[in-house]
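Chain by chain, the residues:
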Amino acid sequence: MLMSVQESMISGNFSDLRLNKKGAILGVELAQNLGIRPGGYFHLSLKNQSARLKIIGLIQKGTVEDSTLIYIPLETAQLLVGKGDVASQIGVKLSDFTAAPAVAMELNGKSRYKTTSWQDFNKQIAQFVSNQTVTNTLFYIFILLISAFVIANTTIMVVGRRKKEIGILMAMGASRRSTLKIFLLESMLIGVPAGVLGCLLGFGLARLITLLPMNVTGSGGGTASMIIVSQPEYFVYAMIFALALNFISGIYPVYTAAILDPMEAIESE
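Below you will find a few notes about this structure. Here the structure is a predicted model, which is why all the values come from computation and not from measurement.

1. Some details on the nonpolar core
Listed in full, the 11 residues of the largest apolar core are A24, L26, L30, A31, I36, F42, A51, L53, I55, L58 and L80. When residues of this core are traced back to their parent elements, those giving at least two are β2 (23-27), α1 (28-34) and β4 (49-59). It is β4 that contributes the most residues to this core, 4 residues altogether. Setting aside chain neighbours within four positions, we find A31 in contact with L26, I36 and L58.

This is the structure in structure tokens:
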């Protein structure tokens, strides 16, 4: 209950491990790689000990753990490691992972057991996560600037080729505000199919990446596949982003079109 495992179960019940000492719950990717379905058996070996276990459930966390994760009863694990009724480590999941150092310090002061936060346990990982966040932010800003430049440049080209049309509209009585609205609306309408196409291409590329095998380093070795989680709200955010970017990037080119002199626009090639 503490680790909220049952929420990630896609078949079986996690509490069944209490009654079935020869049962095991596997990550869905691991079960697929081993070619075993629920109800099937496999052997888990450690040093000179081995146990024949039955798959009583599958779990999917949506992370790389799905290709390596195995839950077994505590007694079975103790039998394999040969340490009897001893728990060498306890993991605690916090609702706010950033509070881990403060909680670890408090537990160290109140108990005789050594408590270590994940930040202290592996500072290199914490540093990597921090650096990765900065890198991702800079990457997104870079992509945003490139996209805005391309959209603005395209709109400028469209306006340049349609100066005569703009001049005729204004000579027929169209106000500058109406011209501004026409080209802004056109820019937004172009953004809708562009956003949909971008979402479809992104989803297709993500699915393609999940099908590519990757080598897994470590004692187990073998291959695994990357897991990419796609949520419906991501596509909504992408569409909002595409429309907003089209609107912002098109303001300057459309404004230049609205302030054109009608006579000069008609005479332009």
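So that's the structure; there's more coming.
2. So, the pattern of salt bridges
Within this structure, the stated rule accounts for 3 salt bridges. Between K61 and E65 there is a salt bridge; the shortest N-O distance is 3.5 Å. For E65, a relative accessible area of 35% corresponds to the partly exposed category. Here E106 ties to K110 by a salt bridge, and the two come within 2.9 Å at their closest N and O atoms. Here K110 and E106 lie together in helix α3 (residues 100-110), a separation of 4 residues that amounts to about one turn. Given the relative accessible area of 66%, K110 is considered exposed.

3. Considering the pairing of β4
Along a regular strand, successive side chains alternate from one face of the sheet to the other. Bridge count for strand β1 (residues 9-11) against β4 is 2 bridges, and the pairing is antiparallel. Counterpart to M9 in the pairing with β4 is I59. Where β2 lies against β4, 5 bridges are found, and the strand directions are parallel. When the bridges of β4 are listed, A24 appears paired with I55. Where strand β3 (residues 41-46) meets β4, 6 bridges bridge the pair, whose relative direction is antiparallel. Paired with L44 across the strands is A51, a residue of β4. The loop that links β3 with its antiparallel partner β4 comprises 2 residues; one of these, K47, has a positive phi angle of about 60°.

About the cut-offs
- Residues numbered from 1 in each chain as written.
- Predicted model: local features only at pLDDT ≥ 70, side-chain atom pairs only at ≥ 80, totals over all residues.
- Heavy atoms only, no water.
- Core = buried A, V, L, I, M, F, W, Y, C linked by side-chain atoms within 4.5 Å.
- Buried < 20%, exposed > 50% of the residue type's maximum accessible area, 1.4 Å probe, protein only.
- Helix = DSSP H or I, 4+ residues; strand = E, 2+ residues; numbered from the N terminus.
- Contact = heavy atoms within 4.5 Å.
- Salt bridge = Lys/Arg side-chain N within 4 Å of Asp/Glu carboxyl O.
- Pairing = 2+ DSSP bridges.

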